[in-house]
Amino acid sequence: MTTGSAGFDLAKLLADRGGERYELHTRHLNHQLPRMLRTLGFDKVYERAEGAYFYDAEGNDYLDMLAGFGVMGLGRHHPVVRQALHDVLDAQLADLTRFDCQPLPGLLAERLLSYAPGLDRVFFGNSGTEAVETALKFARYATGRPRVLYCDHAFHGLTTGSLSVNGEDGFRDGFAPLLPDTAVPLGDLGALERELKRGDVAALVVEPIQGKGVHESPPGYLRAAGELLHKHGALLIADEVQTGLGRTGDFFAYQHEEGVDPDLVCVAKSLSGGYVPVGATLGKDWIFKKVYSSMDRVLVHSASFGSNAQAMAAGLATLAVMDDERITENARHVGDLLRKRLGALVDKYELLHAVRGRGLMIGIEFGKPRSLGLRSRWTMLQAARKGLFAQMVVVPLLQRHRILTQVSGDHLEVIKLIPPLVVGEAEVERFVTAFEQVMDDAHAGGGLMWEFGRTLVKQAVAHR
Ligand SMILES: Cc1ncc(COP(=O)(O)O)c(C=O)c1O
C-alpha cells in the first residue's frame, strides 16, 4: 500500500487495489450494499463513464437511466464542468478563509436566483438533506412556529430533521423521537387547512413531483396550498432537490403552473455538475433578514464547507451548460417522446398498468394481470413481498440489455427513470426496445425471468 504524501500515486493505488473494491466495501462500509448487488447480479466492475453511459473493462456500454439518483443531470464528465474544475484548482483561490467574501458564491447565487423570480437570497450547504434542514430551520424561525407539514410518501433526505418530514415508516422506524411534524395527503387541501387552523404550523414542505412512485401534485394544488399557507401565516417550501434544474421539463417543477409562490426552494443533486456535493436553499428576503437579524447572528446558520470554490465553479458551469445546450428543453422533448412510446405499450402488456411523470422523471407502474396463468404468478410474488415484479424487470434490463434503472421505493411495483438530461432519441430507442423484450419474456410466463422471480420469493420469505 502506498503511504506518505510524496509517494501518493492515485493511478497506481487504483491499479494495485481497485480489484478489491467489493471486499473493501464488505469489510469497512455498509456491508449490505455488496450483498444486495451480488444477489441481483449487479456486482459489475465499471471502469469509466461518459455522458449517459458507463463502460466495463471489456468496453461494453451500459445506459444509465438513474443518473446517480439524479445527480448526473448533465451526464458524466461534461467537458465544460471538468474544465471549470481544472480552472478553479489551478487558480489556487484563497477559498474558505471564512472572513472575506469570495466572488463565486455571489455569482452562483445571482445566477440561481435569475431562474426563480420572487426569491432573493441563497444559503449554500453541501447536500439535498442539508438544503431541506436549512428550509425547516428558516421556516420555523421566521414564523416563530414549531410544526412542519409534509405529504404522505414524501422523501426529503435522511438526516434527523428531514427524516421528521419523511412519509415512509421504513425510513423512520427505530429513529424516534423525531420532530413533532405532521403528514397530510398530497393534494388534500381540506386536510391542509384543518392543520393550519391550529395556528402552530410553520410550513408545508412538498416535492412538486414525489420521487417515491413518481406522483405529481394534482393540478392547481401547489398554487392553492401556497395561498392557504400564506393566509394562515405559514410558508410553502418546494423541495426541488430531485425535480429542479430541468429534470421535469421546467427549470423548477413548481414553475409548471402559473402563480405558485414558494417562500423557500431546496436545490442540490444536479447543481453539483456530477462532481462536487452542494446544496442550496433559495428564499425570500424577509426570511433571511429575520434569521440573520443582527451581527451577533451572522453564524447562526452556517456550514464549514458551504460555498466552497469547487462547488460554486461546478454550479456555475452547470448552469451555463444548461442554458447553452438547452438542457431543460431537451428534457421536455425527450421525456415526452419516451413517455409516449412507453404509454403506447400499456394496451399491449397486461402487467403494465401506467406510465406517468413529466420531462425525464418517469414512473412505469406494473399491476395485476387479467389472464389466469400470469395472475397466479403475480399473486405468488405479491404474497412474498410487494415490489418483486418491478425488481424482476430491473434485473434483466441490466443483465441482458445493459441498462441501469431502479425500483422507485420499497414495496412499490414502479420503476423510476431519471436519466441524465442529455439523452436523446437513440437512448429512447434503446430503452424502449429492451423494455419490450423484457415485457415479452414476462408475458410469456416461463423462462429465466420467472425463475429469477422464484429466487426472489425464496429470499423474501427467508428474510421475514
Ligand atoms: C426530493 C429530495 N429531497 C432531498 C433529498 C436528499 O438529498 P441528499 O441525498 O443529497 O441528502 C433527496 C434525495 O434523493 C430528494 O429526492
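Reading the values: the criteria
Residues numbered from 1 in each chain as written. Predicted model: local features only at pLDDT ≥ 70, side-chain atom pairs only at ≥ 80, totals over all residues. Heavy atoms only, no water. UniProt positions renumbered as here; feature names shortened; annotations may be inferred. Near = heavy atom within 4 Å. Polar contact = N/O pair within 3.5 Å; in protein donor to acceptor, adjacent residues only side chain to side chain. Areas by Shrake-Rupley, 256 points an atom, 1.4 Å probe, with all protein chains shown as cover. Nonpolar A, V, L, I, M, F, W, Y, C, P; charged D, E, K, R; others polar. Pairing = 2+ DSSP bridges. Helix = DSSP H or I, 4+ residues; strand = E, 2+ residues; numbered from the N terminus. Axes fitted to C-alpha atoms, helices over the stretch in contact; angles between N-to-C directions. Contact = heavy atoms within 4.5 Å. Buried < 20%, exposed > 50% of the residue type's maximum accessible area, 1.4 Å probe, protein only. Patch = residues over 30% accessible without salt bridge, like charges linked within 9 Å, V, L, I, M, F, W, Y side chains within 5 Å. Salt bridge = Lys/Arg side-chain N within 4 Å of Asp/Glu carboxyl O. Domains from an automatic or database assignment. Buried area = accessible area lost by both parts, 1.4 Å probe.

The name given to the protein in an unreviewed UniProt entry is Aspartate aminotransferase family protein, with Streptomyces iconiensis as the source organism. Word for word, the UniProt comment on the protein under Cofactor (unreviewed entry) is "pyridoxal 5'-phosphate". Under the UniProt heading Sequence similarities (unreviewed entry), the entry covering the protein gives this text: "Belongs to the class-III pyridoxal-phosphate-dependent aminotransferase family."

Enquirer: Looking at this structure, how should I read the site of the ligand?
Expert: Neighbouring the ligand are Ser127, Gly128, Thr129, Phe155, His156, Gly157, Glu207, Asp239, Val241, Gln242 and Lys269. Take Gly128: an N or O atom from its main chain is 2.8 Å from an oxygen atom of the ligand. Side-chain polar atom of Lys269 to an oxygen atom of the ligand: 2.7 Å apart, as the coordinates give it. Surface burial for the ligand is 78%, taken as the share of its 390 Å² of free accessible area covered by protein chains. Each residue belonging to the shell around the ligand can be placed in one class, and the counts come to two nonpolar, six polar and three charged.

Enquirer: I'm lost on the sheet that holds strand 12 (residues 279-283) in this one. Help?
Expert: Backbone-to-backbone hydrogen bonds pair the strands of a sheet. The strands run either parallel or antiparallel. As summarised here, the arrangement of the seven strands in space is 4-12-11-10-7-5-6, forming an open sheet in which the pairing is mixed. Of all the strands in the sheet, the pair left with one neighbour each is strand 4 (121-125) and strand 6 (182-184). For this sheet the average axis-to-axis angle between neighbouring strands, irrespective of direction, equals 20°. Where strand 11 (residues 264-267) lies against strand 12, four bridges are found, and the strand directions are antiparallel. Residue pairing for strand 12: Leu264 is matched across the bridge by Gly283. Relative to the sheet, helix 6 (residues 103-113) contacts strand 4 and strand 12, its axis offset from that of strand 4 by approximately 120°.

Enquirer: Got a minute to help me understand the pairing of strand 17 (residues 414-417) in this structure?
Expert: When a strand is regular, its side chains alternate between the sheet's two faces. Because side chains alternate across strand 17, one face comprises the buried residues Val414 and Lys416, and the other comprises Ile415 and Leu417, equally buried. As paired strands, strand 14 (residues 361-366) and strand 17 are joined by four bridges and run antiparallel to one another. By the bridge assignment, Gly363 is partnered in strand 17 with Lys416.

Enquirer: How should I be thinking about a nonpolar patch on the surface in this particular structure?
Expert: Nonpolar side chains collect at one region of the surface, where Phe8, Leu10 and Leu14 lie side by side and expose about 340 Å² of accessible area between them. Within the secondary structure, Phe8 is located in the segment before helix 1 (10-17).

Enquirer: Looking at this structure, how should I read the domain arrangement of the protein?
Expert: Much of the literature gives interface size as the accessible area that the parts lose upon coming together. Taken domain by domain, the protein consists of domain 1 (79-324) and domain 2 (327-462). The centre of domain 1, based on its C-alpha atoms, is set 31 Å off from the matching centre of domain 2. Each side of the interface is counted separately: domain 1 has 21 residues, and domain 2 has 21 residues. Approximately 1,700 Å² of surface area, both sides summed, lies buried where domain 1 meets domain 2, with 54% of it carried by carbon and sulfur atoms. Scanning the region where domain 1 abuts domain 2 turns up one salt bridge. A salt bridge links Arg358 to Glu216; the nearest nitrogen and oxygen atoms lie 2.8 Å apart. On the surface where domain 1 and domain 2 come into contact, there are 14 residue pairs in polar contact (both at pLDDT 80 or more). Of all the elements in the fold, those that place two or more residues in the side of domain 1 that touches domain 2 are strand 8 (209-210), strand 9 (215-216) and helix 13 (309-324).

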